[in-house]
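Descriptive structure summary
If you want the building blocks of each chain, they are given just below.
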Amino acid sequence: MISDRSAYSSLAYQAGGRGLSLDEVRRLNDIAIGGVWPGVVVLLRTDPRTGLSRQEVGDRIGNESDAFHRTVAHAFD
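Since this is a predicted model, take the numbers as computed values, not measurements.

Scoring rules and cut-offs
Residues numbered from 1 in each chain as written. Predicted model: local features only at pLDDT ≥ 70, side-chain atom pairs only at ≥ 80, totals over all residues. Heavy atoms only, no water. Helix = DSSP H or I, 4+ residues; strand = E, 2+ residues; numbered from the N terminus. Buried < 20%, exposed > 50% of the residue type's maximum accessible area, 1.4 Å probe, protein only. Contact = heavy atoms within 4.5 Å. Areas by Shrake-Rupley, 256 points an atom, 1.4 Å probe, with all protein chains shown as cover. Lys, Arg positive; Asp, Glu negative; His and termini not counted. Charge placed at Lys NZ, Arg CZ, Asp CG, Glu CD. pLDDT = per-residue confidence, 0-100.

Looking only at helices and strands, the protein chain has four helices and zero strands in total. Shown N-terminal to C-terminal, the secondary structure of the protein chain runs as helices and strands in the order α-α-α-α. In terms of overall dimensions, the protein chain has C-alpha extents of about 35 × 25 × 25 Å along its principal axes. Taking all 77 residues of the protein chain together, the buried fraction comes to 14%. Taking as baseline every contact in the protein chain between residues at least 6 positions apart, the subset at least 24 positions apart corresponds to 55%. Accessible surface, the protein chain as shown: approximately 5900 Å² in total, 53% of it carbon and sulfur. Computed over 9 positive and 10 negative side-chain charges, the separation of the two mean positions in the protein chain equals 2 Å.

Dropping the structure here:
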């Protein structure tokens, strides 16, 4: 299966960006995906401002602060 999102995005945004418990977010994602974690992940990096400038209409995540987006980007490391 190919997807444009994975449980790893949830870990970065919810645990890294929102400060929720990493173990709890991981546990809930594990339930949601039936324990089938991606075998291969391709991460495309861009500066958060560059990425957000491509968004025509801001959404819940797009309207977050620069600091939030930097924190999420670092959570993928």
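In this section: the confidence of the model for the protein chain. Looking at the protein chain, the pLDDT average stands at 91 and 100% of residues meet or exceed 70. Of all helices and strands in the protein chain, the one with the weakest mean pLDDT is helix α3 (residues 48–53) (88), whereas helix α2 (residues 22–32) scores best (96).

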